[in-house]
Amino acid sequence: MKEIRKVLLIHPEISRTKYNFAGVIDNEPLELEYIAALLRERGVDYAIWDGQVERISAAEKLKAYMPDLVYVCGRTRQERFMLEYCQAAKDLCGSVTVIGGLHAQQCYARMYQNCVDYILVSFDIFQLIQLIQGTPPEQLEDMCRRTEDGWHTAAPKPFDIQRLPLPDRSYFLTHTDRYRYLELLPCAHVRTAYCCPYRCSFCSRNKLNCGVYTYRDIQDVVEEIARIPCENIYLVDDDFLVDEKRIRQFINLIRERQICKRYVCYGRADFIARYPELMQQLKEIGFYYILTGLEALDNQHLTAYNKKCDMDCNTKAVEILHNVGIHMMGMFIADLDFTGKDFRSMYRWIKAHKLRHAAVSIFTPELDSPLYQQYADRILTEDPGDWDYLHVVAQPGRLSLRAYYFHYHVLLIRLFLRGWRDGIYDFVDYGYYIRSFVKNMFRFGG
């Protein structure tokens, strides 16, 4: 492999349609910033191009920068963009191309294309650094690689998150007008753990890192937070509220350091319900949003989803966060067995429990997962761009596709109108989104 002197790190565009929530939730490219820190430490020239925020195209950046190696990471819905960038890197620069990230870890065989040289199938970014520094590819255990005889497939290994460096946030700090979580602008990302210790049937996140949950020392986490020149922090673990002792230590350290910031995190309803006094303490140190997977409105669906949580627990969690003054972002699944009545019931439940912030995703069997195989005879599309939880990818069980989309978008419109009346998200163009939902009632459904 040729000597690598310049590296371009790419985070893909979200989509090329306006049917997304870009400008509402834009995520800091944290994985690229970890890599950037290692490259800077080793004196390797690098640049970041984030399709969420850049005003020039990826092709223009490639032409201007002429990298020796391009690393791209993204999610399922960005698969075509990732491959497009790799092809452009080959055509314009003759670059070595590497794909990584969550989608590549789970669906690496989909990346077996001529424009791709390597696929990083674990969180071990040190393997990428070794490749850049000239380590023979056959010695890199977590890298699939293209050879003259076809693709060599690698078996990933769990990665210890404590090996990660502090991220190089120079790119984030030059785009603080863009990276946000709703009204929290700017909002920096901090990761304290990989994987999830729970096993919800609809979620593939618990399969990441070979299914091994690994977490950082909480003192290191607090030290990182203290150094970030940003008052809003998104703790992007798949579930931050896992271990009671660790959370208590976090609270105590934040208080000792007198760190005054606002926080967003994921947290399960059963943890919230079990520790109401901890929620009060989290509120006191600045917790603003807790994203909670409520998922369903009946115990039958919760059992099918293997949530290990019931409706009484969900209701109690909503009440506790409401009482202490933390905003719950209630996350729900519109199941494929829904009828019009189920969609209407979901809205009534959200309204009755005074849940101001709610997000409803369409049940989506993840690619190359056991759930995908279970729904194989019902899959409606081969376009990975549809795996955004806003499109129906498998045939509904009790409604036509058109009727399902109709009821789903009616629910979204009602939720947005309620948010507009309540005066939340005043930075959002409600009219645009409502018009978009009305249009897609019929377009997506045929």
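See the structure printed just above.
Attention in this report is confined to the structure presented alongside it. (Residues numbered from 1 in each chain as written. Predicted model: local features only at pLDDT ≥ 70, side-chain atom pairs only at ≥ 80, totals over all residues. Heavy atoms only, no water.)

1. Remarks on the packing of helix H2 (residues 58-65) against helix H3 (residues 79-93)
Defined as follows: For every element, the axis is a line fit to its C-alpha atoms; helices are fit only across the contacting stretch, and the angle between N-to-C directions ranges from 0 to 180 degrees. Secondary structure elements follow DSSP: runs of H or I no shorter than four residues count as helices, runs of E no shorter than two count as strands, and numbering proceeds from the N terminus. Left-handed describes a crossing in which the near helix is turned anticlockwise from the far one by less than a right angle; the clockwise case is right-handed. In this analysis, two residues are considered to be in contact whenever any of their non-hydrogen atoms come within 4.5 Å of each other. Any residue outside Ala, Val, Leu, Ile, Met, Phe, Trp, Tyr, Cys, Pro, Asp, Glu, Lys and Arg is labelled polar, Gly included; the first ten of those are nonpolar and the last four are charged.
Here H2 crosses H3 at 35 degrees, and the two axes come no closer than 10 Å. Crossing geometry of H2 relative to H3 is assigned as right-handed. Of the residues in H3, those touching H2 at Ala58, Ala59, Leu62 and Lys63 are Tyr85, Ala88, Ala89, Leu92 and Cys93. Each residue belonging to the contact of H2 with H3 can be placed in one class, and the counts come to eight nonpolar, no polar and one charged.

2. Some details on the packing of aromatic side chains
Worth spelling out the cut-off: Pairing of aromatic rings covers Phe, Tyr and Trp, the last counted by its six-membered ring, and requires centre-to-centre distances within 6.5 Å; plane angles under 30 degrees mean stacked, over 60 mean edge-to-face, and any other angle means tilted. Definition used: whenever NZ (Lys) or CZ (Arg) falls within 6 Å of the ring centre and also within 35 degrees of the ring normal, the charge is taken to sit over that ring.
In the structure shown here, the tally under the stated rule is 29 aromatic pairs. Ring centres of Phe338 and Phe343 lie 5.2 Å apart, and the angle between their planes is 85 degrees; on these two criteria the pair is classed as edge-to-face. Joined through ring pairs, the aromatic side chains of Tyr181, Tyr234, Tyr266, Tyr288 and Tyr289 make up one cluster. Just above the ring of Phe427 sits the side chain of Arg180; from NZ or CZ to the centre is 4.1 Å. Its guanidinium or amino end placed over the ring of Tyr288, Arg262 lies 5.6 Å from that ring's centre, counting from NZ or CZ.

3. Here we look at the environment of Ala273
Defined as follows: Only protein chains enter the accessibility calculation, which uses a 1.4 Å probe. A residue is then buried if its area is under 20% of the maximum for its type, exposed if over 50%, and partly exposed in between.
In this fold, Ala273 is placed in helix H9 (residues 269-274). Looking at Ala273, the relative accessible area reads 9%, which means it is buried. The sequence separation of Ala273 and Lys316 amounts to 43 residues, and the corresponding C-alpha distance is 5.8 Å. Look past the residues within four positions of Ala273 in its chain and what remains in contact with it is Cys313, Lys316, Ala317 and Ile320.

4. Some thoughts on the pattern of salt bridges
Inclusion rule: Whenever Lys or Arg places a side-chain nitrogen within 4 Å of a carboxyl oxygen from Asp or Glu, that contact is recorded as a salt bridge.
Counting across every chain of the model gives 24 salt bridges. With a shortest N-O distance of 2.6 Å, Asp238 and Arg205 are connected by a salt bridge. Here the residue Asp238 occupies a position in the loop between strand S13 (232-235) and helix H8 (244-257), and Arg205 occupies one in the loop between strand S11 (193-194) and strand S12 (214-215), the gap between them amounting to 33 residues. One exposure class covers both Asp238 and Arg205, and it is buried. Glu224 serves as the salt-bridge partner of Arg216, at 2.7 Å between the closest nitrogen and oxygen. Here Arg216 and Glu224 have matching classes, each one buried. One continuous salt-bridge network, built from bridges that share partners, spans Glu28, Arg169, Arg216 and Glu224.

5. Brief notes about unusual backbone geometry
Cis geometry marks the peptide bond from Leu185 to Pro186; its omega dihedral reads -10 degrees. Inspection of the secondary structure assignment puts Pro186 in the loop between strand S9 (180-181) and strand S10 (188-190). The backbone of Cys210 shows a phi angle near 60 degrees, a positive value even though the residue is not glycine. Relative to the elements of secondary structure, Cys210 occurs in the loop between S11 and S12. For Asp368, which is not glycine, the phi torsion reads 55 degrees and is therefore positive. The residue Asp368 is located in the loop between strand S17 (357-362) and helix H14 (370-374) in this model. Residue classification places Asp368 among the partly exposed residues on the basis of a relative accessible area of 44%.

6. Some words on the packing of helix H7 (residues 218-227) against H8
The criterion, for reference: Roughly parallel refers to an angle under 35 degrees, roughly antiparallel to one over 145, roughly perpendicular to one between 65 and 115, and oblique to any angle outside these ranges.
H8 packs onto H7 with a crossing angle of 40 degrees between their chain directions and a minimal axis gap of 10 Å. By the criterion of interaxial angle, the relationship of H7 to H8 is oblique. Here H7 and H8 pass one another in a crossing that is right-handed. Contact residues: Ile218, Gln219, Val221, Val222, Glu223, Ile225 and Ala226 in H7; Arg246, Gln249, Phe250, Leu253, Ile254 and Arg257 in H8. Of the residues assigned to the contact of H7 with H8, the class counts are eight nonpolar, two polar and three charged.

Remember that the coordinates give geometry; whether it matters functionally is a separate question.
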